[in-house]
Amino acid sequence: MSFVGLMVLIVYEARWVYPEIQAYFSQTGSLTGQQLATRARGYVQRAQEKLLIASSPVELSEARLSLDLAYGLFDVHIYHQYYACTASSLALIDELAELIDAQQIDPFDAAHALFIPVECLTRIEMDQLDRRGMAINDFSSSTRRHNQVLIYSSLLIFVLGLLFWAMHERQLRRTERATAEKFSWMARAMRDPLTGIGNRSALHQDVAAYSGRSMGLILVDIDFFKQYNDALGHPEGDRLLRLLANLLGDALGAEATLYRLGGDEFAALLPCPTDQALTQYCEALQVKLEAAQFSHPAHPDNKDVTLSIGGTHFVADANSFAMAYEAADKALYQVKTAGRDGWQVTASA
Ligand SMILES: Nc1nc2c(ncn2[C@@H]2O[C@H](COP(=O)(O)OP(=O)(O)OP(=O)(O)O)[C@@H](O)[C@H]2O)c(=O)[nH]1
């Protein structure tokens, strides 16, 4: 059953309770059916009492008054409609009243004759009572039925709500997991797995983030790394790459962001106001490297590990970076061709 169908059912069921409550209160609220008969019977019986002890005209007139009151309450359309004894009883009361007025009947006989309307009214009372009982029973059983439908429908709605909520939560968790995985994948895609620093993609992305700022770009290449690998093996070569990544970080400071561009080539991007500041960074790097004394058993010049370094200063944006990279690369190449183990800073075009 659809959700909307369920809601329609609830509204329909709730709608039914209202008229039945109305019906119930119309039965019990006025109590007309039973009460009128009870009161009419009371007046008839009072008339009987007065007639039985009628010793003065006062009691006779009281009996007459009671009969008039009884007649008024008895002469009701619904009694005429449902109880055949009504018309004859009323006619009898009428006739007896006239006879009493004309003093043409013995009061005792009149009292006796009045048992006929008393009996009729008693029957009406009992019947009205039964009808009220039946109406109440009908009302309570149908109310119970409607209530059950309402309770079960509400329960169903509650369960469906829980189900939707659980499904929504599951979907939300899936989406969150997928988003987290995507972010971690993206972060991994920007990292060099060997050294843990950024890769070439990260460098391009970071330049865009520094757009408009005065930056320094330093390119670093290990000298004779092939010979190092050949002499000590690839794992030792990996270890040196990691050591150099740490050394670059120490030498250039926390403001520098480091990248491994591939093979034995590193880059550093750092806020840098002038060429002079860049020069100081390169010198600091050389000093740190010499102090580290990473041994290179196969260095053709019998030195420890040496680096060739090229740097340039530029104002970051996508176009200027391409030129800055070219300038730094050219500076590094010049160091290489000049015998390696050195640094050069050049202006970007
Ligand atoms: N251990 C290790 N070696 C690598 C890695 N990637 C590249 N290489 C090696 O790095 C060496 C780079 O050699 P070249 O490009 O000739 O550079 P070089 O030997 O340093 O020579 P110059 O730069 O001219 O001084 C090659 O032998 C590559 O195999 C790596 O991830 N780990």
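Residues numbered from 1 in each chain as written. Predicted model: local features only at pLDDT ≥ 70, side-chain atom pairs only at ≥ 80, totals over all residues.

You'll find the chain entered in an unreviewed UniProt entry as diguanylate cyclase, with Vreelandella lionensis given as the organism. The chain has a UniProt comment under Catalytic activity (unreviewed entry) that states "2 GTP = 3',3'-c-di-GMP + 2 diphosphate". (UniProt positions renumbered as here; feature names shortened; annotations may be inferred.)

(A) Main features of the UniProt feature "transmembrane region" (unreviewed entry) in the chain. UniProt annotation of "transmembrane region" (unreviewed entry) refers to residues 149–167 when read in the numbering used here. Helix makes up 100% of residues 149–167 and strand 0%, with an end-to-end C-alpha separation of 26 Å. (Helix = DSSP H or I, 4+ residues; strand = E, 2+ residues; numbered from the N terminus.)

(B) Highlighting the environment of D106. Structurally, the position occupied by D106 is in the loop between α5 (85–101) and α6 (107–113). With 52 residues separating them in the primary sequence, D106 and A54 have C-alpha atoms 9.8 Å apart.

(C) How the structure looks around the site of the ligand. As a structural note, the neighbourhood of the ligand is formed by 16 residues, with D223, F225, K226, G237 and G263 the closest of them. Taken together, the elements giving at least two residues each to the shell around the ligand come down to β1 (214–222), α9 (225–232) and α10 (234–252). Per element, the largest residue contribution to the shell around the ligand is 4 residues, and it comes from α10. Residues that form the shell around the ligand fall into these classes: 5 nonpolar, 4 polar and 7 charged. (Near = placed C-beta within 6 Å. Nonpolar A, V, L, I, M, F, W, Y, C, P; charged D, E, K, R; others polar.)

(D) Quick peek at the nonpolar core. Core analysis: the biggest nonpolar cluster contains 46 residues, and L217, I218, L248, A267, A268, I309 and A328 have the highest contact counts within it. With 8 residues, helix α12 (residues 318–337) is the largest single contributor of residues to this core. Counting 23 residues, the second-largest nonpolar core is a separate cluster that includes L36, L73, A111 and L114. (Core = buried A, V, L, I, M, F, W, Y, C linked by C-beta atoms within 7 Å. Buried ≥ 20, exposed ≤ 12 C-beta atoms within 10 Å, placed from the backbone.)

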